[in-house]
Amino acid sequence: MDEARPLWATPLQFVFACISYAVGLGNVWRFPYLCQMYGGGSFLVPYIIMLTVEGMPLLYLELAVGQCMRQGSIGAWRTINPYLSGVGVASVVVSFFLSMYYNVINAWAFWYLFHSFQDPLPWSVCPLNGNRTGYDEECEKASSTQYFWYRKTLNISPSIQESGAVQWEPALCLILAWLLVYLCILRGTESTGKVVYFTALLPYCVLVIYLVRGLTLHGATNGLAYMFTPKMEQLANPKAWINAATQIFFSLGLGFGSLIAFASYNEPSNNCQKHAVIVSIINSSTSIFASVVTFSIYGFKATFNYESCLNKVILLLTNSFDLEDGFLTVSNLEEVKSYLASAYPSKYSEVFPQIKNCSLESELETAVQGTGLAFIVYTEAIKNMEVSQLWSVLYFFMLLMLGIGSMLGNTAAILTPLTDSKVISSYLPKEAISGLVCLVSCAIGLVFTMEAGNYWFDIFNDYAATLPLLLIVLVEAATVCYLYGLRRFESDLKATTGRALNWYWKAMWGGVSPLLIISLSVFYLSDYITTGTLQYQAWDASQGQLVTKDYPPYALAIIGLLVASSTMCIPLGALGTFIVRHLKRGDTASVA
Amino acid sequence: MLWLLFFLVSAIHAELCQPGAENAFKVRLSLRTALGDKAYAWDTNEEYLFKAMVAFSMRRVPNREATEISHVLLCNVTQRVSFWFVVTDPSRNHTLPAVEVQSAIRMNRNRINNAFFLNDQTLEFLRIPATLAPPTDPSVPIWIIIFGVMFCIIIVATMLLILSGIRQHRRKNKGPSEMEDTEDKWENTVKIENGIPCDPLDMKGGHVNDAFVTEDERLTPL
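These figures come from a predicted structure and were not determined experimentally.

1. Re the overall build of chain A
Moving on, step 1. Along the backbone of chain A there are 27 helices and two strands.
Moving on, step 2. For chain A, the C-alpha radius of gyration of 27 Å lies close to 25 Å, the compact-globule estimate for 592 residues.
Moving on, step 3. For the C-alpha atoms alone, the extent of chain A along its principal axes is close to 110 × 50 × 45 Å.
Moving on, step 4. Burial statistics for chain A: of 592 residues in total, 57% are counted as buried.

2. Description of the UniProt feature "binding site: Na(+)" (unreviewed entry) in chain A
Residues and elements named next belong to chain A.
Moving on, step 1. In the UniProt entry, the feature "binding site: Na(+)" (unreviewed entry) is given for A22, V23, N27, S251, N283, L402 and S406. Of the residues just listed, which span 385 residues, no C-alpha pair is farther apart than 12.6 Å, and they cluster in one region.
Moving on, step 2. Its relative accessible area of 5% is what places A22 among the buried residues.
Moving on, step 3. Those residues within four positions of A22 in sequence are excluded, and the remaining contacts are N27, S251, L252 and N283.

3. Side note on the confidence of the model for chain A
Moving on, step 1. The pLDDT averaged across chain A works out to 88; a share of 99% of its residues lies at or above 70.
Moving on, step 2. When mean pLDDT is compared element by element in chain A, helix 9 (residues 168-185) of chain A scores highest at 94, while helix 20 (residues 422-427) of chain A scores lowest at 82.

4. A word on the environment of N103(A)
Residue and element names in this part refer to chain A.
Moving on, step 1. Residue position: N103 is located in helix 6 (residues 85-115).
Moving on, step 2. For the pair N103 and I175, spaced 72 residues apart in sequence, the C-alpha separation works out to 9.5 Å.
Moving on, step 3. Among all residues touching N103, those that are not within four sequence positions of it are L174, A177, W178, V181 and M407.
Moving on, step 4. At 2.8 Å, the side chain of N103 forms a polar contact with the side chain of N106.

5. Overview of the state of the cysteines
Residue and element names in this part refer to chain A.
Moving on, step 1. Tallied over the entire structure, the rule returns two disulfides over all chains.
Moving on, step 2. The side chain of C126 participates in a disulfide bridge whose partner is C139; the two sulfur atoms lie 1.9 Å from each other. The S-S bond linking C126 to C139 shows a torsion near -85°; that makes this disulfide left-handed. In this pair, C126 sits in the loop between helix 6 and helix 7 (137-141) while C139 sits in helix 7, placing the two residues 13 residues apart along the sequence. In terms of burial, C126 and C139 fall into one category: buried.
Moving on, step 3. C68 forms no disulfide, and the closest cysteine sulfur to it belongs to C272, at a distance of 6.8 Å.
Moving on, step 4. The exposure class assigned to C68 is buried, which follows from its relative accessible area of 14%.
Moving on, step 5. Note on C205: no disulfide assigned, nearest cysteine sulfur contributed by C184 at a separation of 18 Å.

6. A few points about the confidence of the model for chain B
Residue and element names in this part refer to chain B.
Moving on, step 1. On average, chain B scores 78 in pLDDT, and the residues at 70 or more come to 72%.
Moving on, step 2. Confidence, expressed as mean pLDDT per element, reaches its minimum in chain B at helix 7 (residues 200-203) with 52 and its maximum at helix 3 (residues 44-59) with 90.
Moving on, step 3. Interface scoring of the predicted complex returns ipTM 0.83; its pTM is 0.83.

7. Topic: the domain arrangement of chain B
Moving on, step 1. When its domains are assigned, chain B resolves into domain 1 (13-125) and domain 2 (137-170).
Moving on, step 2. Just the C-alpha atoms count here: the centres of domain 1 of chain B and domain 2 of chain B sit 59 Å apart.

8. Observations concerning the interface of chain B and chain A
Moving on, step 1. Taken together, the contact pairs 34 residues of chain B with 33 residues of chain A.
Moving on, step 2. Around 3,000 Å² of area is buried between chain B and chain A when both sides are counted, 67% of it from carbon and sulfur atoms.
Moving on, step 3. Contact with chain A buries surface across chain B, with R80(B), L132(B) and W143(B) losing the most and accounting together for 25% of the total.
Moving on, step 4. There are two salt bridges connecting chain B and chain A.
Moving on, step 5. We note a salt bridge from E324(A) to R32(B), for which the minimum N-O separation is 3.4 Å.
Moving on, step 6. Inspection of the region where chain B meets chain A yields six residue pairs in polar contact (both at pLDDT 80 or more).
Moving on, step 7. Where the side of chain B that touches chain A is concerned, the elements lending two or more residues are strand 1 (25-29), helix 2 (31-35) and helix 6 (142-192) of chain B.

9. Some words on the UniProt feature "transmembrane region" (unreviewed entry) in chain B
Moving on, step 1. Under the feature "transmembrane region" (unreviewed entry), the UniProt entry names residues 142-163 of chain B.
Moving on, step 2. A helix fraction of 100% and a strand fraction of 0% characterise residues 142-163 of chain B, whose end C-alpha atoms lie 32 Å from each other.

10. Brief notes about a nonpolar patch on the surface
Moving on, step 1. Taken together, M568(A), L572(A), L575(A), F578(A), I579(A) and L583(A) make up a surface patch of nonpolar side chains, about 610 Å² in accessible area.
Moving on, step 2. Residue placement: I579(A) occurs in helix 27 (residues 569-591).

11. Details of the packing of aromatic side chains
Moving on, step 1. All told, the structure shown has 58 aromatic pairs over all chains when counted by the stated rule.
Moving on, step 2. Pairing Y112(A) with W123(A) gives two aromatic rings, centres 5.1 Å apart and planes at 45°, and the pair type is tilted. Note that Y112(A) is positioned in helix 6 and W123(A) in the loop between helix 6 and helix 7, a separation of 11 residues in sequence.
Moving on, step 3. Since its relative accessible area comes to 0%, Y112(A) is described here as buried.
Moving on, step 4. Using a relative accessible area of 0% as the deciding quantity, one classes W123(A) as buried.
Moving on, step 5. Ring geometry for W42(B) against F83(B): centres 5.7 Å apart, planes inclined by 15°, an arrangement best described as stacked.

12. What about the sheet that holds strand 4 (residues 123-125) of chain B?
Residue and element names in this part refer to chain B.
Moving on, step 1. Pairing within the open sheet is antiparallel, and its four strands lie in the order 2-3-1-4. Since the sheet does not close on itself, it has two edges, and those belong to strand 2 (72-75) and strand 4, each with one partner. Sheet twist, expressed as the average angle between the axes of neighbouring strands with direction ignored, equals 25°.
Moving on, step 2. Note that strand 1 and strand 4 share three bridges and pair antiparallel. Looking at the pairing, L29 lines up with L123 of strand 4.
Moving on, step 3. Contacts from helix 3 reach strand 1, strand 2, strand 3 (82-87) and strand 4, with the element oriented near 140° to strand 2.

13. Quick word on the environment of E54(A)
Residue and element names in this part refer to chain A.
Moving on, step 1. Looking at the secondary structure, you find E54 in helix 4 (residues 44-69).
Moving on, step 2. On the basis of relative accessibility, which here comes to 0%, the residue E54 falls in the buried class.
Moving on, step 3. A C-alpha to C-alpha distance of 8.7 Å links E54 and P514, two positions 460 residues apart in sequence.
Moving on, step 4. The contact partners of E54, leaving out residues within four places of it in the chain, are A245, I248, F249, S513, L516 and L520.

What counts and how
- Residues numbered from 1 in each chain as written.
- Chains lettered and ligands numbered in written order.
- Predicted model: local features only at pLDDT ≥ 70, side-chain atom pairs only at ≥ 80, totals over all residues.
- Heavy atoms only, no water.
- Helix = DSSP H or I, 4+ residues; strand = E, 2+ residues; numbered from the N terminus.
- Rg over C-alpha atoms; globule rule 2.2 N^0.38 Å.
- Buried < 20%, exposed > 50% of the residue type's maximum accessible area, 1.4 Å probe, protein only.
- UniProt positions renumbered as here; feature names shortened; annotations may be inferred.
- Contact = heavy atoms within 4.5 Å.
- pLDDT = per-residue confidence, 0-100.
- Polar contact = N/O pair within 3.5 Å; in protein donor to acceptor, adjacent residues only side chain to side chain.
- Disulfide = S-S within 2.5 Å.
- Domains from an automatic or database assignment.
- Buried area = accessible area lost by both parts, 1.4 Å probe.
- Salt bridge = Lys/Arg side-chain N within 4 Å of Asp/Glu carboxyl O.
- Patch = residues over 30% accessible without salt bridge, like charges linked within 9 Å, V, L, I, M, F, W, Y side chains within 5 Å.
- Areas by Shrake-Rupley, 256 points an atom, 1.4 Å probe, with all protein chains shown as cover.
- Phe/Tyr/Trp six-rings, centres within 6.5 Å; stacked < 30°, edge-to-face > 60°.
- Pairing = 2+ DSSP bridges.
- Axes fitted to C-alpha atoms, helices over the stretch in contact; angles between N-to-C directions.

Okay, here's the thing in structure tokens:
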């Protein structure tokens, strides 16, 4: 190559790039859910074990490969073993799918951010119905935050079959999100290196502010106590261990090729072992930190809902029995109820069905993950805080930073192999290649802004990356250890970085991590097979809640296509190389 | 005789105003919820004010300008505070139709609320739905303004970066070719200096080192 490979200006930029890529939305909206489901404080035990046994070794492996080979994923794996260039291609395909649907989340974050500059917040009040005597029906049945998410943001259709039209508002936000990503990756490491300072550090600032605010909220301690009381019996549940392993795996972003791409811009003598350990520890600590914030917010929301439930019961009883206003309070509610039941039995039995049993536990138990947590639960908590506009802006700004940070890694995974390829980079400058990739992804991403777009989003989210990634990382680990040779890789590493390989890494790469990945893959496959038909949650506007529906056959076909298109690259790549080599050998034999 | 008439009148009134009677409405106030410590006690004076407000609302309806405070009847006042009321016509034998009372109250709801320092939720007229205030809709939604600002900033920044990238690219392409031009020019000027072509061998390959010349001269002063 005529030009020297662009490098990170300082090793700190590389660390920040990895952190901003790994610390993403999953830390905020998936880990707290898992923590709640699998025993609160005791979930940390399998989580930390999996981090040391699976997370750190595989992260180090990817960074080492990238730094030694100094090329993107396709070039790196072709150098290691020409038959496995398919692994690199599979990584690029998965990254491409991911970048298509991931930026839609940034578009939603932009939408909410722009709507946060209003008083009152648009998701805190229901819109009025036609003759202005009450509120919109769908909004009454659901809640105002759910209505704003499902109706105003997504304008969701009742099922995946009814696609509807492209909504221009989310489409505009999506275009803006892609323009922002393009601006950040335009100049390669030169621009990315500066942007990652913001995308890595700003979310922490916001989290700290939220931590202080969250801990001082009324009822926050309820949520924290609920989350952190360890339920030790969950340690025996195999699902807890499997989910811990899965969370570590996907949270670090292994197998996409982004880490290889980032590491390829390193100085050869960079100490990537230290950086691997630092990045994985910071990623996990951020998850735990974010779940503290999330649970104090949960506690606040649950306490608020519990108290409004109690107030509704008090109002109902006060109105039915014409008691003096202010006589019934939370403290004397039970005694008065029993008194009324005995004194006016007939009237009480009329009113009784409407009296809800308010329970703080049941409010806390509503575990939510994913977009539901970020855009419904959090907004519900924010609308009840004072100066809610400020908190809303801060929160969605943080979501945006987390999302853009991850997008930088995803696009780097796609662009690095393209810019490394001499064929493409001789025709087009890298600005044009980046622009083309962003344009194509944006155009396809407009599918997710249709009325049924959220259902397609869930398909991509659940199936595009899960199984293919496990296979890719398994092949990567097996290749480095057995096909290429662990000793050979060790000597390569020593020659490039000047440091020897610890026995711990060798043991993990050779044995433990591949075994873990195989067991995860087996679990996933058996899960898919035993559930039979795949189902999804559809929003029913008439009832104001989610209902479960089956996927139509063409959706199932697309799911299969998604999984196949990335996993098939591996054997096809091997086959292709074999054929090309066979032809070349045939040519040289005929010439000689 | 007068006492009998009085009893008769109050009996008729009692019949006109009854919970669930035709054209009667129930009113519910939540004073402590609305005003907390500053809640006033609900007494006959407050009731008089209420009757006055209802009469005022009815007087604004065409054909009902003759409504007096005494035409508004209250009954069944509870501790809640809640009571029923009806509005009678000047003959005090019939009650005014519910529809008229409903529309009158709806139109003047704000004045009635303000008279008691209450709002639609704390002064409830059951069966008279309040007209809810629609949220203020600015002509241009605020989010589009902020979107427009961000969009312009990003487009401008992108254009600047692309243009500076193109300029750098051009400078790099010009650079090597410019260097070659100056070298050629230098050689050309040397050759054609003074109009006489100098011997190329003199200038190329070998320069006189002045330092050595001076050394020799110093060393041999004789």
